[in-house]
Amino acid sequence: MNILNLIRWKNLIMIAGVQLLIKYALFPAFAIDITLNGLGFAILVFSTLFIAAGGYIINDIYDIETDAVNKPTKVIVGKHISEDIANKLYILFTVIGVGLGFYLSNSVGRPPFFIVFITISGLLYIYASYLKQIAVVGNIVVSGAVALSLLIVGIFELIPAITTTNQVDQSSMFEILTDFSILAFLINFIREIVKDIQDVDGDHKAGMQTLPIIFGKTRTAKIAFGLTCFTILIIAYYVGTFVYMHMLAILYFLIFVIAPLIYIAIKLFTAEKKQEFKHISLMLKIVMFTGMLSMALYYFIL
C-alpha cells in the first residue's frame, strides 16, 4: 500500500481514465481514423503511467525535507520506504515507461516520436530536482506534462493515420484535443499555485522561491483568483462558440465546470487558512475530472 501511495495511484487512474475517454468516447464521436489497436493503446497508456509514477517518486525523494514540515503524516520516502529503494523504483518505472514508448514509436513507424517520452521523463526529473524551486517555471512545467498526457494520445493515434483525404478531419480532431489539453493545463496550473500556498512553510525552510514566498500568500491567492476568472471566460467563450447549439453540453459545462470554478474563485478571494486552500485544491481536482469527463458529451450530442 505504501508503494501505491508513493506512485499516487488515484492520480494514475485519472490519467488512464482520461486517455480511455479520448480513445473510446471522443474519437468515435467524430468517426476519425486512428492508428492503434487495443494492444497498442494499452502500451501507450502503461508507458504514460510508468513515466508518471516515476515522476511522483522522484518528486517525493527531493521533497523529503519539505514534506516533513508540510505533511508529516503522509511522508513515505525515508519513513516507510527507504530512499535507496525509492530511487531504484524511480529508475525501474522510468526505464519501463520509456522502453514501452520506444517500442510503440517504432511499431507505428514513427521512431522520432520516442523523443516525446524522453522529454516528459526528463522534464519530470528536472522539475523535481531544480525547476520546482523557481516561481512559476516549475508550475508551468508540471502543468505542461499534464497537458502532454492528453496530447500524446493524439500524437500516436491521429498523426500516423493522416492521409491526403482525411487531413482536414484529423487536424480538426487534434485541435479539439488541444483545447482539452489547454483546459487541463490551466486548471492544473491554478492548482499548483494553490498547493504552493499550502506548502509555503516547508518550501521556505527548504530555500525555495515559489510565488507565495516571493509575493506572500494573500497576493498569490489573488493571482490564482485572476487565473480562475480567466479560465472561466475561456470556457464560456468555448461553449458559446462551439457547443451553443447543444443544450445538454451547455448545461453540463454550466453546472459541472463553470459553477464550481466560480465557487473556487470566490473562495480564493477570501481564503486565508491552510485548510481552506486544501479544500480549494480538492475542488480544482474535481473540476479537472468533470472537465475531462465532458469529452463523453460529444459521443451523445453528435
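Residues numbered from 1 in each chain as written. Predicted model: local features only at pLDDT ≥ 70, side-chain atom pairs only at ≥ 80, totals over all residues. Heavy atoms only, no water.

Let us now look at the layout of surface pockets. Taken as a whole, the second largest pocket encloses approximately 240 Å³ of empty space. Around the second largest pocket, the lining residues are Asp 179, Phe 180, Ile 182, Leu 183, Leu 186, Thr 231, Ile 234, Ile 235, Tyr 237, Tyr 238, Phe 242 and Phe 253. The greatest single-element share of the lining of the second largest pocket, amounting to six residues, is contributed by helix α11 (residues 217-242). When its residues are assigned to classes, the lining of the second largest pocket shows ten nonpolar, one polar and one charged. (1 Å grid on protein atoms, 1.4 Å probe; cavity = no way out; pocket = protein on both sides within 12 Å on 5 of 7 lines; lining within 4 Å. Points joined across faces, edges and corners; volume = space filled by probe spheres on them. Helix = DSSP H or I, 4+ residues; strand = E, 2+ residues; numbered from the N terminus. Nonpolar A, V, L, I, M, F, W, Y, C, P; charged D, E, K, R; others polar.)

This brings us to the packing of aromatic side chains. Evaluation of the coordinates by the stated rule reveals 14 aromatic pairs. An angle of 80° between the planes, with centres 5.4 Å apart, marks the rings of Phe 113 and Phe 156 as edge-to-face. With Phe 113 in the loop between α5 (83-107) and α6 (114-129) and Phe 156 in helix α7 (residues 137-157), the pair connects residues that are 43 residues apart, well separated along the chain. Members of the aromatic cluster, connected to one another through ring pairs, are Phe 30, Phe 180 and Tyr 298. Lys 23 extends its terminal NZ or CZ atom over the ring of Tyr 24, reaching a point 6.0 Å from the ring centre. Positioned above the aromatic ring of Phe 269, the side-chain terminus of Lys 222 is 5.1 Å from the ring centre. (Phe/Tyr/Trp six-rings, centres within 6.5 Å; stacked < 30°, edge-to-face > 60°. Lys NZ or Arg CZ within 6 Å of the ring centre and 35° of its normal.)

For the rest of this paragraph, the subject is a nonpolar patch on the surface. Nonpolar side chains collect at one region of the surface, where Met 247, Leu 251, Leu 254, Ile 255 and Phe 256 lie side by side and expose about 480 Å² of accessible area between them. The topology assignment puts Met 247 in helix α12 (residues 247-270). According to the relative accessible area criterion, Met 247 is exposed, its value standing at 54%. (Patch = residues over 30% accessible without salt bridge, like charges linked within 9 Å, V, L, I, M, F, W, Y side chains within 5 Å. Areas by Shrake-Rupley, 256 points an atom, 1.4 Å probe, with all protein chains shown as cover. Salt bridge = Lys/Arg side-chain N within 4 Å of Asp/Glu carboxyl O. Buried < 20%, exposed > 50% of the residue type's maximum accessible area, 1.4 Å probe, protein only.)

What follows is about the environment of Ile 32. Tracing the sequence through the fold places Ile 32 in the loop between α2 (9-30) and α3 (38-62). Each C-alpha atom, one on Ile 32 and one on Asp 60, is 40 Å from the other, the two residues being 28 residues apart in sequence. The contact partners of Ile 32, leaving out residues within four places of it in the chain, are Phe 27, Leu 158, Asp 169, Gln 170 and Met 173. (Contact = heavy atoms within 4.5 Å.)

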